[in-house]
Amino acid sequence: MVKKVLFAASEVYPFAKTGGLADVAHALPRALKNLYDVTVVMPLYSIIDRNKYNIASLGETLNISMGGKEYAIELYGCTVEGYEYYFIYEPMLCDRKFLYGTPKAGYEDNGLRFALFSYAIFALLKKKHYEILHLNDWQCALTALLVHKDPALSPKIIYTIHNLAYQGIFDSSILESIGIDKRYFTMGSLEFYGKVNFMKAGIAYADEVTTVSPTYAREILTGEFGCGLEGFLHFHHAKLTGIINGIDTDHFSPATDGALISPYSDAKGKKANKSDLLKKLALRGINKPLFVFIGRFTSQKGIDLLIETLPKIAALDCNIALLGEGEEHYHEALDVLAASHKNIHLTFRYDEVLSHQIYAAADFLLMPSLFEPCGLNQMIAFSYGTLPIVHRVGGLVDTVKRLESYQEDSCSGYGLIFSTPTSRSLLSAVNKGCELYEDKKHFERIINHNMRCDFSWGESAIAYGALYEKEKDIDA
Ligand code: GLC
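### Quick word on the overall build of the protein chain
Thought 1: Within the protein chain one finds 17 helices and 19 strands.
Thought 2: A compact globule built from 476 residues should have a C-alpha radius of gyration of about 23 Å, and the protein chain, at 23 Å, falls within 12% of that.
Thought 3: Dimensions of the protein chain, computed from the C-alpha atoms along their principal axes, are close to 65 × 45 × 45 Å.
Thought 4: Taking all 476 residues of the protein chain together, the buried fraction comes to 59%.
Thought 5: Taken as a whole, the protein chain presents about 19700 Å² of accessible surface, with 52% of it coming from carbon and sulfur.
Thought 6: Within the protein chain, one finds 47 positive and 56 negative side-chain charges whose respective centroids are separated by 3 Å.

This is the structure:
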């Protein structure tokens, strides 16, 4: 019998996306499809276009009592590309302009909102039978505690940390309104420097804890990257595994990509796309290298470093295109740079179609991340024949090999790597990129090599499958 898996995440592409979690929550369940019967569950935010995806009420209500208050949760569903989804609808959780907060700050009641999401997942588990529960990030971590408290439920719980920097930390007064007894307010459970930490529930009560690359799994055990949880993770490290993410190779395939003016399958095929994009962004110079950044404008992604270095990069004979959204102060600083440099173009929004066109057109992708649990953009860049320039951290270490060590018969992607997060190191890597760009033949050879490598979910899905199957440690 194929086992039933409930896969829960607070964002799933194409319905709602702020970051890589949404891509993983879209692609990993699909990669597991032939091995397991997976149902994905997420909130039905009001920003989701119900008509576009034929999302309809399932006529079922989950009645939840949380902290002495009653909540009637409506269950919705849809099928997209042969794949089934569940949606949780409740006004407090869903009726917002953004998922987690405005560009200025997170919503004040996020603790309550996502505790309710966790209760809804728990209610689903009670109502329908699942052998495996796969929870992602802090927004649904509390479910692990709810299951732990309920002797009637015993699914195998996998908890995946996509980013330790977001733990869901709230004032201890929240305990009452989320209906969690004070006896869980201990160091071994939810307590974190006098506050309540949702992520700790996932780590403490899951059977297996994973994070999204082997290097990040090691890094988070250190004070530098552990965000205060390094000791707690050390305590639980026997159940901690790093599994590298893949990308959805159907969605990110330059040979069949409907977003591109000219789909392609080798380095030469990029030119028509580059010419089209430059025109669209009013940048000039098809023969100049095009450096791009795509992602969230947050400090994690190295935006401060980027802002500091951009004027120096712009002084080189090149073009720069930036795409993303995020914190307002970064938006303002980048706006100033784009306004004062003819060769810098900024698009401040999330735009999936444009991002594909930029990957296709670009020569180099900048990823100066201060930390990076996995990072998906470098793998997308490889597939689109764009050379990544990355800071040597986290998943970037596991997915990008040094160009200097290039071997034709290897199956790794190659890029330019810098080891210290300083403007000087970043600029030096960019300069190397410019030199490489001049050596057309070698550059094309590397690009063609990278495009042939496999960044699909294949092996990683098998690794998750192995954890799903692993015997539960009943003493844990
Ligand atoms: C988060 C991390 C990123 C990772 C993604 C998916 O967004 O910051 O590194 O690739 O989650 O796991």
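### What about the domain arrangement of the protein chain?
Thought 1: Once the domains are mapped, the protein chain shows domain 1 (4-246 + 458-469) and domain 2 (267-452).
Thought 2: With 23 residues of domain 1 in contact, the opposing surface of domain 2 contributes 20 residues.
Thought 3: By the criterion of area lost to domain 2, the three top residues of domain 1 are Lys17, Pro103 and Thr215, representing 24% of everything that side buries.
Thought 4: Where domain 1 packs against domain 2, one counts two salt bridges.
Thought 5: Glu328 is the salt-bridge partner of Lys104, the closest N and O atoms lying 3.2 Å from each other.
Thought 6: Across the domain 1-domain 2 interface, the total number found is six residue pairs in polar contact (both at pLDDT 80 or more).
Thought 7: Contributing elements (two or more residues each) for the side of domain 1 that touches domain 2: helix H1 (20-31) and helix H7 (214-219).

### A closer look at the sheet that holds strand S6 (residues 132-136)
Thought 1: Within the open sheet, the nine strands sit side by side as S3-S4-S5-S2-S1-S6-S7-S11-S12. Their pairing is mixed. Each edge of the open sheet is held by one strand with a lone partner, namely strand S3 (56-66) and strand S12 (240-242). Taking each pair of neighbouring strands and ignoring which way they run, the sheet shows an average axis angle of 25 degrees.
Thought 2: Most of the contacts of helix H4 (residues 142-149) go to S6, to which it runs at about 145 degrees, and overall it touches S6 and strand S7 (156-161).
Thought 3: Along the sheet, helix H17 (residues 458-469) makes contact with strand S1 (4-8), S6, S7, strand S11 (208-211) and S12, crossing S7 at roughly 140 degrees.

### Re the pairing of strand S5 (residues 83-89)
Thought 1: Among the seven residues that make up S5, six are buried, leaving the element largely enclosed by the rest of the structure.
Thought 2: In terms of strand pairing, strand S2 (residues 37-43) meets S5 through four bridges, oriented parallel. Paired with Met42 across the two strands is Phe87, which belongs to S5.
Thought 3: Examined bridge by bridge, strand S4 (residues 69-80) and S5 share seven bridges and lie antiparallel to one another. Opposite Gly77, over in S5, you have Tyr86 as the bridge partner.
Thought 4: The hairpin formed by S4 and S5 contains two residues between the paired strands, and Glu81 there has a positive phi angle of roughly 50 degrees.

### Observations regarding the site of the ligand
Thought 1: By nearness alone, 14 residues border the ligand, and His162, Asn245, Glu372, Cys374 and Gly375 come closest of all.
Thought 2: His162 is positioned with one of its side-chain polar atoms (N or O) 2.7 Å from an oxygen atom of the ligand.
Thought 3: Measuring from an oxygen atom of the ligand, one finds a backbone N or O atom of Cys374 at 3.0 Å.
Thought 4: Calculation on the ligand without its partners gives an accessible area of 310 Å², and the protein chains cover 95% of this total.
Thought 5: Residue composition of the shell around the ligand, grouped by class: six nonpolar, six polar and two charged.

### Comments concerning the sheet that holds strand S13 (residues 290-294)
Thought 1: Sheet architecture is open: seven strands sit in the order S15-S14-S13-S16-S17-S19-S18, paired in parallel fashion. On the outer flanks of this sheet lie strand S15 (344-348) and strand S18 (400-402), each paired with one strand and no other. Across the sheet, the mean angle separating the axes of adjacent strands is 30 degrees when strand polarity is ignored.
Thought 2: Here strand S14 (residues 319-324) runs beside S15; their pairing, made up of five bridges, is parallel. Bridge assignment links Ala321 to a residue of S15, and that residue is His345.
Thought 3: Packing of helix H9 (residues 270-281) onto the sheet brings it into contact with S13, S14 and S15, and relative to S13 it is tilted by some 70 degrees.
Thought 4: Across the sheet, helix H15 (residues 423-438) touches S13, strand S16 (364-367), strand S17 (387-391) and strand S19 (413-418), and the angle it forms with S19 is around 140 degrees.

### Some words on the packing of aromatic side chains
Thought 1: Overall, the coordinates contain 22 aromatic pairs when judged by the stated rule.
Thought 2: Residues Tyr36 and Tyr468 carry aromatic rings whose centres are separated by 5.1 Å and whose planes lie at 75 degrees to one another, so their mutual orientation is edge-to-face. Within this pair, whereas Tyr36 is found in the loop between H1 and S2, its partner Tyr468 is found in helix H17, the two being separated by 432 residues in sequence.
Thought 3: Taking relative accessible area as the criterion, Tyr36 reaches 6% and is therefore assigned buried.
Thought 4: Between Phe192 and Tyr193 the ring centres are 4.9 Å apart and the planes differ by 80 degrees, which places this aromatic pair in the edge-to-face class.
Thought 5: Take Tyr193: its relative accessible area is 69%, and that puts it in the exposed class.
Thought 6: Through successive ring pairs, a cluster of aromatic residues spans Tyr100, Phe114, Phe117, Trp138, Phe170 and Phe198.
Thought 7: Above the ring of Tyr76, the side-chain terminus of Arg50 is found at 4.7 Å from the ring centroid.
Thought 8: A cation sits over an aromatic face here: Arg96 above Tyr107, 5.0 Å from the ring centre.

### Overview of the pairing of S17
The side chains of a regular strand alternate between the sheet's two faces.
Thought 1: Among the five residues in S17, five count as buried, and that is most of the element.
Thought 2: Here S17 shows a buried face lined by Leu387, Ile389 and His391 and a second buried face lined by Pro388 and Val390.
Thought 3: Bridging between S16 and S17 involves four bridges; their strand directions are parallel. Residue pairing for S17: Leu366 is matched across the bridge by Ile389.
Thought 4: At this point the chain moves from S16, through helix H13 (residues 377-383), to the parallel S17, and the crossover so formed is right-handed.
Thought 5: Here three bridges tie S17 to S19, and the two strands are oriented parallel to one another. The residue bridging Val390 from the neighbouring strand is Ile417, located in S19.

Quick notes on the rules
- Residues numbered from 1 in each chain as written.
- Predicted model: local features only at pLDDT ≥ 70, side-chain atom pairs only at ≥ 80, totals over all residues.
- Heavy atoms only, no water.
- Helix = DSSP H or I, 4+ residues; strand = E, 2+ residues; numbered from the N terminus.
- Rg over C-alpha atoms; globule rule 2.2 N^0.38 Å.
- Buried < 20%, exposed > 50% of the residue type's maximum accessible area, 1.4 Å probe, protein only.
- Areas by Shrake-Rupley, 256 points an atom, 1.4 Å probe, with all protein chains shown as cover.
- Lys, Arg positive; Asp, Glu negative; His and termini not counted.
- Charge placed at Lys NZ, Arg CZ, Asp CG, Glu CD.
- Domains from an automatic or database assignment.
- Contact = heavy atoms within 4.5 Å.
- Buried area = accessible area lost by both parts, 1.4 Å probe.
- Salt bridge = Lys/Arg side-chain N within 4 Å of Asp/Glu carboxyl O.
- Polar contact = N/O pair within 3.5 Å; in protein donor to acceptor, adjacent residues only side chain to side chain.
- Pairing = 2+ DSSP bridges.
- Axes fitted to C-alpha atoms, helices over the stretch in contact; angles between N-to-C directions.
- Near = heavy atom within 4 Å.
- Nonpolar A, V, L, I, M, F, W, Y, C, P; charged D, E, K, R; others polar.
- Phe/Tyr/Trp six-rings, centres within 6.5 Å; stacked < 30°, edge-to-face > 60°.
- Lys NZ or Arg CZ within 6 Å of the ring centre and 35° of its normal.
- Right-handed = clockwise from strand over helix to strand, strands pointing away.

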